[in-house]
Number of protein chains: 2
Amino acid sequence: MKFLMKASFELSGEIKDPAALKKHIDDARETLKKGVPKGEQGGEITSVEIGVDRVALTLESGRHVRPHDAVLRIKKRLSQALGREQGIGVRRVTVESYETWYPLDQVPAGKITLPFVKEIEIVDKTAHIVFDELDETALENRYPDRILKRLEEKIKEERVSGKAEFSKRHSESEPRLDRYKLRKDPTSELARRNWVKHMGRGVWTILPAYAALWRAIEDVVMERVARPLGFVEVMLPKIVPLDVQKKKGQLFGIPNEMWWVCPPATRDPAEWERFKDTVKITGQTNPEGLMQNLAPPEFSLAYAQCEPFYDIWEKRTVDRDKLPLRFMDSYGPTWRYESGGLKGLERLSEFKRMEFVWIGSPEDAISIRDEVRDKSIEIMEEVFDVEWRVDATTAVYLEHAGEAVEGEDRDYARTYDLTVALPFETASRPERELEIASFHVHEDHYAKNFYWKEKKGRALWSGCAGISPTRWAYVFLLRHGFDYTDWPSEIKKLIGEKLPNLPDGLFM
Amino acid sequence: MKFLMKASFELSGEIKDPAALKKHIDDARETLKKGVPKGEQGGEITSVEIGVDRVALTLESGRHVRPHDAVLRIKKRLSQALGREQGIGVRRVTVESYETWYPLDQVPAGKITLPFVKEIEIVDKTAHIVFDELDETALENRYPDRILKRLEEKIKEERVSGKAEFSKRHSESEPRLDRYKLRKDPTSELARRNWVKHMGRGVWTILPAYAALWRAIEDVVMERVARPLGFVEVMLPKIVPLDVQKKKGQLFGIPNEMWWVCPPATRDPAEWERFKDTVKITGQTNPEGLMQNLAPPEFSLAYAQCEPFYDIWEKRTVDRDKLPLRFMDSYGPTWRYESGGLKGLERLSEFKRMEFVWIGSPEDAISIRDEVRDKSIEIMEEVFDVEWRVDATTAVYLEHAGEAVEGEDRDYARTYDLTVALPFETASRPERELEIASFHVHEDHYAKNFYWKEKKGRALWSGCAGISPTRWAYVFLLRHGFDYTDWPSEIKKLIGEKLPNLPDGLFM
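Computed from a predicted structure; not experimentally measured.

Colleague: Account for the overall build of chain A, with residues named and values stated.
Modeller: Secondary structure assignment for chain A yields 16 helices and 23 strands. What you see for chain A is a C-alpha radius of gyration of 30 Å, clearly larger than the 23 Å of a compact globule of 508 residues, by over 25%. For the C-alpha atoms alone, the extent of chain A along its principal axes is close to 95 × 65 × 45 Å. Looking at chain A as a whole, 59% of its 508 residues are labelled buried. In chain A, once contacts between residues fewer than 6 apart in sequence are set aside, the share between residues at least 24 apart is 74%. Accessible area of chain A: about 20,700 Å², with a carbon and sulfur share of 45%. In chain A, the 80 positive side-chain charges and the 87 negative ones have mean positions that sit 2 Å from each other.

As structure tokens, then:
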């Protein structure tokens, strides 16, 4: 392993005593040995060139005190000494060139590109990397180390990307498909009956009849899951700052599957005049012109729904003896950028979930998750009567953070999915089934990412479960059909004598 | 009024019989008189130049059959004749230059700019306008006429922008400020008590205690407004397509006050690699890099909340005898891009409203609106006990569509605002009051914009009312304070014996 940097210091004035400066640099060599394990090599200064108001250095190292660290240690020392003795400061550090010969455990299969890297060439399991565009911020934040880490991750990801998903049956109902009243996707029939109205890509207005079913399902979940298990309502924001998505992992993991929210670049009407006039004159929506008037995104639309929950505890110290806490959020929809044509109501851009979130000890986190799962199964059995199964599956919240999922040999599962069988293949995916809920234990994943602290240093675990009235209503309708009199009494009791609907003969 | 255009037709091949072509152009002169009122002048062809495979024309007109219409009439005629007789077509129409001398009623006070206009010079109440960048789409859609209309609108807007807002007292309570338990903005105290947690600019997580109050207020509004007045629940999408915002008027009227939702330019992970690596390496959120990976906005965040309601009836024919219909939406929050620093909970980027919407005859639209207003006042009187007033005010939905609001001398008001007095000036605006609900009759504004049709051609009117639990909770708290035992029994009955909250001693 070798690192080689040519760097220069630009000073705020002319050097008055070059010899003294030279001596400070020589003294700095000591600094580059600090923190190096015994018998190992530290950083080296292999050339020094002193100009009128600048100093050029060549820095080398092996594993320890790499030039991007060394150059800052030298800067600090020079700044202090030159300021005191010669009344000048270090105005800027410039990396003229920086490269490494870095040994790899594994060689990448394909070509790998990285930001801040001009060139990667791999020979005999050694990567020769030429860094690029590293400014002082990059040095201070050790981008080179992170670049090398990212290189190793990407090589690893190449290998795991083809891995089969983990899946293990937890429980299931008997076959029930023959009881389903509907045999095909009901979306067009729902529209024809004015239960829904299409508005945009994967976005539907839910009209009174279907809204009543959604509401009744939400009420059943409140009655049978939330209240008996002691979940308390909170309202989690439905737009999520980029910084929270970074800690959640989704900014890195699935930025290509989320919708992003941009503010106007300015509220000043004068700046918007041209766009507004163009809309008036052309009669077109002019999204490109609109884009030019927007600032970069400040939020994503809520994707996982639970994102703000982790932020509640950020950098705060809690007493685990006061936990667990169980919150439920049903404040609004969430959004996904789905691939392909969104045709049916089974998969949407905007859809409703009830999100259950909790924080506590590892034992609490697991047992609460299991309770929510089991109560959900109970509803499938006692109210929905659909064909369902629950599988222990890959921890999707790790995938959403772009992390390799390993170690599925725990004695508990991190994720369970509740899936309902469909009597047809959906338009959105080649599947005859629909996942309608999932139940997760995150271990200390978010505790770490959001810097939660526990009074006595005990583990803080979290969990979440998403139950989607949108999808529950969809499978309910398949099983029970459009005839309200056939619906289970527990649902009808919540809706009332008649299912509300638009009056017959309203539309010509 | 004079219009002068130089245009050319590019043909798909060489002209075989120039004389025949010349004759067709001469015949076309007749076409330019069609539809012109008796005694008025139509369009004129004042020069013709026939080349090898192109024809250049000069076109002039007064008010009628302006060159942008004339050139298309000539194109149509030539295309047919040349295709039939000489086997060539008109490949393209190019506007070489186009200008008008256009008389104005009013002269603008300041400089006016317009898209598709290179130059405007105003002399003696005549605007000399040189058009620019007009392609065939622009001609077909009559941009020049729309540009002139827009010019007149902008001159008019200059004059009305300074107009005082219309406001007329409808009703009010007696002074009650001395009953308020809190005397200053409670936001920081709410955060200290863990009733709320700040997450982003104007975005707060609502924790159990405050969530219980919001929920109770929503329940009161359901019990006292929605149910007795026969409102039925619907779920209106919380992201609104650009096209719907165009018809709503807000794309033109207030694009600078809304948040916009952009999809990824692609889901292809390879295209996102650089952004993702940069996030990992820099540890920064990199909004600019994210922006580069986004497509132009496809939706706005819901602003008025009622936007999707107007879309339900778009281009549909209804039987007014089956109306009125009353819908209520409480499906999720809405969003505003507010100016300045958002400090307190009184004004937010994300906040909750219950939206009441209705459609029916003019009489229905007005009486339903008045009922919702009066039931809301009843809650202020019987539950909230705050100092309130209701004013008939400027029809804000017209302002949001960028339209001049005129004719406030109707015998009904189009808009009422419910405003509550505060015992302090808010941080967001220099006001000692907060608007907490508004009640609107739109007349046939949306019927026109969304092309609603009635079976017998009768008028279809609509109305909406927004009641914000966010703001209602805020003024409730000011009046009744933090001590749960002091709260009105109607609210406590809905919440239960104890106000839920995070356990004491949870945070260190």
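Colleague: Please provide a residue-by-residue account of the sheet that holds strand S11 (residues 239–241) of chain A, values included.
Modeller: On the basis of which strands lie adjacent, the open sheet formed by 6 strands has the order S11(A)-S13(A)-S12(A)-S12(B)-S13(B)-S11(B) and antiparallel pairing. Pairing within the sheet leaves two strands with one partner each, and these edge strands are S11 of chain A together with strand S11 (239–241) of chain B. Sheet twist, expressed as the average angle between the axes of neighbouring strands with direction ignored, equals 40°.

Colleague: I'd like a rundown of the domain arrangement of chain A, residues and numbers included.
Modeller: Each assigned domain of chain A is listed with its residue range as follows: domain 1 (2–157), domain 2 (167–262 + 298–495) and domain 3 (263–296). Between domain 1 of chain A and domain 2 of chain A, the C-alpha centre-to-centre distance is 48 Å.

Colleague: An account of the interface of chain A and chain B is needed here, citing residue identities and associated values.
Modeller: With 111 residues of chain A in contact, the opposing surface of chain B contributes 111 residues. Between chain A and chain B, roughly 10,200 Å² of surface is buried when both sides are summed, and carbon and sulfur atoms account for 68% of that area. Between chain A and chain B we count 16 salt bridges in total. Glu273 of chain B is paired through a salt bridge with Lys154 of chain A; the nearest N and O atoms lie 2.5 Å apart. Where chain A packs against chain B, one counts 40 residue pairs in polar contact (both at pLDDT 80 or more). The element contributing the most residues to the side of chain A that touches chain B is helix H9 (residues 269–282) of chain A, with 12 residues. Of the residues contributing to the side of chain A that touches chain B, the split by class is 65 nonpolar, 17 polar and 29 charged. Relative to strand S12 (residues 260–262) of chain B, strand S12 (residues 260–262) of chain A is paired through 3 bridges, and the arrangement is antiparallel. Looking at S12 of chain B, one finds that Trp260 of chain A is bridged to Cys262 of chain B.

Cut-off values and rules
- Residues numbered from 1 in each chain as written.
- Chains lettered and ligands numbered in written order.
- Predicted model: local features only at pLDDT ≥ 70, side-chain atom pairs only at ≥ 80, totals over all residues.
- Heavy atoms only, no water.
- Helix = DSSP H or I, 4+ residues; strand = E, 2+ residues; numbered from the N terminus.
- Rg over C-alpha atoms; globule rule 2.2 N^0.38 Å.
- Buried < 20%, exposed > 50% of the residue type's maximum accessible area, 1.4 Å probe, protein only.
- Contact = heavy atoms within 4.5 Å.
- Areas by Shrake-Rupley, 256 points an atom, 1.4 Å probe, with all protein chains shown as cover.
- Lys, Arg positive; Asp, Glu negative; His and termini not counted.
- Charge placed at Lys NZ, Arg CZ, Asp CG, Glu CD.
- Pairing = 2+ DSSP bridges.
- Axes fitted to C-alpha atoms, helices over the stretch in contact; angles between N-to-C directions.
- Domains from an automatic or database assignment.
- Buried area = accessible area lost by both parts, 1.4 Å probe.
- Salt bridge = Lys/Arg side-chain N within 4 Å of Asp/Glu carboxyl O.
- Polar contact = N/O pair within 3.5 Å; in protein donor to acceptor, adjacent residues only side chain to side chain.
- Nonpolar A, V, L, I, M, F, W, Y, C, P; charged D, E, K, R; others polar.

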